[in-house]
There are 2 protein chains.
Amino acid sequence: MAAAATAAWAQRLAGVRGLLLDVSGVLYDGGDGGGTPIPGSPEAVARIKQSGLKLRFCTNESQKSREKFVGLLQRLGFDISVDEVTAPAPAACQVLKQRGLQPYLLVHDDVRSEFDKMDTSNPNCVVIADAGEGFSYQNLNEAFRVLVSLENPVLLSLGKGRYYKETDGLMLDVGPYMKALEYACDVQAEVVGKPAPEFFQAALKEMGTEAHETIMIGDDIVNDVGGAQRCGMRALQVRTGKFRPCDERHPEVKADGYVNDLAEAVDLILQYANK
Amino acid sequence: MAAAATAAWAQRLAGVRGLLLDVSGVLYDGGDGGGTPIPGSPEAVARIKQSGLKLRFCTNESQKSREKFVGLLQRLGFDISVDEVTAPAPAACQVLKQRGLQPYLLVHDDVRSEFDKMDTSNPNCVVIADAGEGFSYQNLNEAFRVLVSLENPVLLSLGKGRYYKETDGLMLDVGPYMKALEYACDVQAEVVGKPAPEFFQAALKEMGTEAHETIMIGDDIVNDVGGAQRCGMRALQVRTGKFRPCDERHPEVKADGYVNDLAEAVDLILQYANK
């Protein structure tokens with residue numbers, strides 16, 4: 001690497017002590033049979049753990065419970081456990097409890113267990129997550145009818161991503177369906193998950209690092225990179241997952257660096273973070 | 001009626017020579033078995049025809065072809081024929097032809113015949129209509145993939161209504177799904193149908209009246225009433241169909257009058273239009 005590039009990376013990565021890793025599109029691409037790891041990512045996670053740097057997984061995955069999601073990643077070769085994951089479903093449960101809300105759940109069956117302790121009779125709000133095939137006309141209409149019947153409708157959305165990448169192509173995420181309900185009911189959703197600052201702050205607290213010494217690595221220029229930067233973190237975008245070349249010319253968000261994949265990000269961090 | 005109210009209606013309705021009637025929520029409420037006529041509406045249509053006033057039906061119905069739609073209304077007791085109906089699917093076909101566009105059709109099977117002459121191979125745009133149960137995750141995702149693959153994505157939406165009323169409750173219309181695709185692909189849909197001015201103007205031309213001598217009657221405060229008023233027409237809102245009391249306090253749109261149903265509107269028009 002040229003001296004100028006070396007100096008630039010040394011400056012960008014100085015003082016990094018903790019890494020927040022997005023999961024889908026960074027560790028693996030989902031798809032039939034569970035998906036496939038992105039080459040080099042299992043080894044990159046192992047190297048971070050060996051290095052002594054702090055590490056936490058910060059995901060908007062809302063189609064599976066943390067148990068199922070972590071089990072899948074372990075089968076794909078990742079060293080990861082449930083208590084290392086910050087995910088939106090448990091965060092939403094906290095919000096529901098604090099505000100005494102009883103949700104109608106427009107969610108995938110595989111994440112329903114995260115809401116086991118919630119009272120879903122007589123719903124006075126709607127929780128929407130990445131329901132995948134569960135986004136049938138009938139289910140969305142049922143959620144709409146709940147919201148439109150409420151004097152003060154409350155819509156909690158587990159993330160607001162537009163789409164994500166699976167092995168056979170791009171897949172609509174929860175965001176477009178959140179927008180559909182917002183428009184149908186003239187309501188503004190409250191987002192639980194990235195890019196909500198409360199969500200990043202919870203992840204930082206769980207990891208035990210300060211924002212200025214933490215770097216986020218994700219494939220979503222708005223929700224990962226922009227969201228983390230607004231919380232005072234640095235952020236890298238990987239050119240895997242949903243990355244598209246136009247992201248590097250995004251009109252509002254500029255990453256602290258663009259890397260080919262997680263393996264390259266970890267190479268650079270291990271080389272420059274403590275220089 | 002008190003003298004002041006009489007004078008107000010006489011002023012509001014002076015010089016009306018033509019009526020544009022919305023259909024769903026004004027003539028009938030859809031539902032299982034085709035739906036049910038709104039009491040008094042079949043007779044009201046007959047009375048307009050006997051009066052010598054000009055009449056045209058201006059609908060955003062996009063779930064059925066005009067043939068199927070008119071056949072249903074005839075079975076419900078309405079005096080209506082296909083050539084009296086202005087509907088968005090034929091208008092969309094004109095736009096597609098003029099611009100040489102080949103659509104991916106996210107529409108209900110019952111309206112597909114309106115697009116029979118369109119080349120749908122290698123789509124370079126998406127046409128979205130009220131697909132009802134056809135709004136599956138898979139179908140919306142396919143439309144999304146078409147749009148996101150285009151350098152200059154074009155999305156034509158047959159209306160942008162939020163919801164309509166069927167006999168067993170409110171149903172999501174095309175608008176929320178249009179918003180979902182707009183958000184997913186960062187594109188602005190072009191609306192064909194109410195409230196697009198071109199659509200109202202086509203209906204006026206087909207009826208043969210000027211805007212200032214025409215009154216629109218609908219149950220949608222924004223798309224019927226607001227849309228017609230922006231074209232220089234007067235407009236009444238009926239308290240049937242999707243009408244909700246808060247519509248009479250809408251922050252942006254005020255109807256020229258609110259009536260209980262089409263029958264009352266026709267009573268008033270026949271009494272005051274030529275005074």
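Residues numbered from 1 in each chain as written. Chains lettered and ligands numbered in written order. Predicted model: local features only at pLDDT ≥ 70, side-chain atom pairs only at ≥ 80, totals over all residues. Heavy atoms only, no water.

## Comments concerning the overall build of chain A
Assigned secondary structure in chain A consists of nine helices and 14 strands. Computed over its C-alpha atoms, the radius of gyration of chain A comes to 19 Å, within 12% of the 19 Å expected for a compact globule of 275 residues. Along the longest, intermediate and shortest principal axes, the C-alpha atoms of chain A span 65 × 35 × 35 Å. Each of the 275 residues in chain A was classed as buried or not, and the buried ones make up 59%. A separation of at least 24 residues holds for 65% of the contacts in chain A among residues at least 6 apart in sequence. In the structure as shown, chain A presents an accessible area of about 11,400 Å², 46% of it carried by carbon and sulfur atoms. Counting 29 positive and 38 negative side-chain charges, chain A places the averaged centre of each group 4 Å from the other. (Helix = DSSP H or I, 4+ residues; strand = E, 2+ residues; numbered from the N terminus. Rg over C-alpha atoms; globule rule 2.2 N^0.38 Å. Buried < 20%, exposed > 50% of the residue type's maximum accessible area, 1.4 Å probe, protein only. Contact = heavy atoms within 4.5 Å. Areas by Shrake-Rupley, 256 points an atom, 1.4 Å probe, with all protein chains shown as cover. Lys, Arg positive; Asp, Glu negative; His and termini not counted. Charge placed at Lys NZ, Arg CZ, Asp CG, Glu CD.)

## Remarks on the relation of the copies chain A and chain B
One chain copy maps onto the other through a rotation about an axis and a shift parallel to that axis. Placing chain A over chain B gives an RMSD of 0.0 Å and needs a rotation angle of 180°, together with 0.0 Å of translation along the axis. Here the copies are linked by what is in effect a two-fold axis. Same-surface contact between copies: 100% of interface residues of chain A are shared with the interface of chain B. (Least-squares fit on C-alpha atoms with pLDDT ≥ 70 in both.)

## Let's talk about the pattern of salt bridges
One pass over the structure, following the stated rule, counts 32 salt bridges over all chains. Between K49 of chain B and E84 of chain B there is a salt bridge, with its nearest N and O atoms 2.8 Å apart. Here K49 of chain B, found in helix 2 (residues 41-51), pairs with E84 of chain B, found in the loop between helix 3 (66-75) and strand 5 (85-86); they are 35 residues apart in sequence, far enough to count as distant. Residue classification places K49 of chain B among the partly exposed residues on the basis of a relative accessible area of 28%. Salt bridges here are not isolated pairs; linked through shared partners, they connect D22, K194 and D224 of chain A. (Salt bridge = Lys/Arg side-chain N within 4 Å of Asp/Glu carboxyl O.)

## Some points on the state of the cysteines
Under the counting rule described, the total for this entry stands at zero disulfides over all chains. This cysteine, C185 of chain A, is not joined by any disulfide, and C246 of chain B carries the nearest cysteine sulfur, 12 Å off. Of the residues examined, C185 of chain A reaches a relative accessible area of 12% and is grouped as buried. (Disulfide = S-S within 2.5 Å.)

## What about the interface of chain A and chain B?
Listed as interface residues are 29 residues of chain A and, on the opposing side, 29 residues of chain B. Across the interface of chain A and chain B, roughly 2,800 Å² is buried in total on both sides, 60% from carbon and sulfur atoms. Remark: the boundary between chain A and chain B carries two salt bridges. Measuring nitrogen to oxygen at the nearest pair gives 3.6 Å for the salt bridge that ties R145 of chain A to D168 of chain B. (Buried area = accessible area lost by both parts, 1.4 Å probe.)

## Some remarks on the sheet that holds strand 7 (residues 125-128) of chain B
Pairing between sheet strands relies on hydrogen bonds along the backbone, with the strands arranged either parallel or antiparallel. Residues and elements named next belong to chain B. Taken in spatial order, the four strands of this open sheet run 6-7-8-11, and their pairing is parallel. Looking at which strands have only one partner, the edges of the open sheet turn out to be strand 6 (103-106) and strand 11 (190-192). Here the strands of the sheet are splayed against their neighbours by 25° on average, with no regard to which way each runs. Two strands pair when backbone bridges link them, and strand 6 and strand 7 are joined in this way by four bridges, in the parallel orientation. By the bridge assignment, L106 is partnered in strand 7 with I128. Packed onto the sheet, helix 5 (residues 137-148) meets strand 6, strand 7 and strand 8 (155-158) and runs at close to 160° relative to strand 6. This element, helix 6 (residues 174-185), spans strand 6, strand 7, strand 8 and strand 11 of the sheet and lies at about 170° to strand 8. (Pairing = 2+ DSSP bridges. Axes fitted to C-alpha atoms, helices over the stretch in contact; angles between N-to-C directions.)

## Details of the sheet that holds strand 7 (residues 125-128) of chain A
Residue and element names in this part refer to chain A. Ordered by their spatial adjacency, four strands build an open sheet running 6-7-8-11, and the pairing between neighbours is parallel. Whereas interior strands pair on both sides, the edge strands pair on one side only; in this sheet they are strand 6 (103-106) and strand 11 (190-192). Across the sheet, the mean angle from the axis of one strand to that of its neighbour is 25°, orientation sign disregarded. With three bridges connecting them, strand 7 and strand 8 (residues 155-158) associate as parallel partners. Bridged to I128 within strand 8 is S157. Packing against the sheet, helix 4 (residues 88-99) makes contact with strand 6, strand 7, strand 8 and strand 11, and its axis sits at approximately 160° to strand 8.

## Remarks on the packing of helix 5 (residues 137-148) of chain A against helix 6 (residues 174-185) of chain A
When two helices pack together, their arrangement is captured by the angle between the axes and the distance separating the axes. All names here are of chain A. Remark: helix 5 packs on helix 6, axes separated minimally by 10 Å, with the N-to-C direction vectors making an angle of 40°. Our classification of the angle between helix 5 and helix 6 gives oblique. Here helix 5 runs over helix 6; the crossing is right-handed. Across the interface between the two elements, L140, A143, F144, L147 and V148 from helix 5 touch Y177, A180, L181, A184 and C185 from helix 6. Each residue belonging to the contact of helix 5 with helix 6 can be placed in one class, and the counts come to 10 nonpolar, no polar and no charged. (Parallel < 35°, antiparallel > 145°, perpendicular 65-115°, else oblique. Left-handed = near helix turned anticlockwise from the far one by under 90°. Nonpolar A, V, L, I, M, F, W, Y, C, P; charged D, E, K, R; others polar.)

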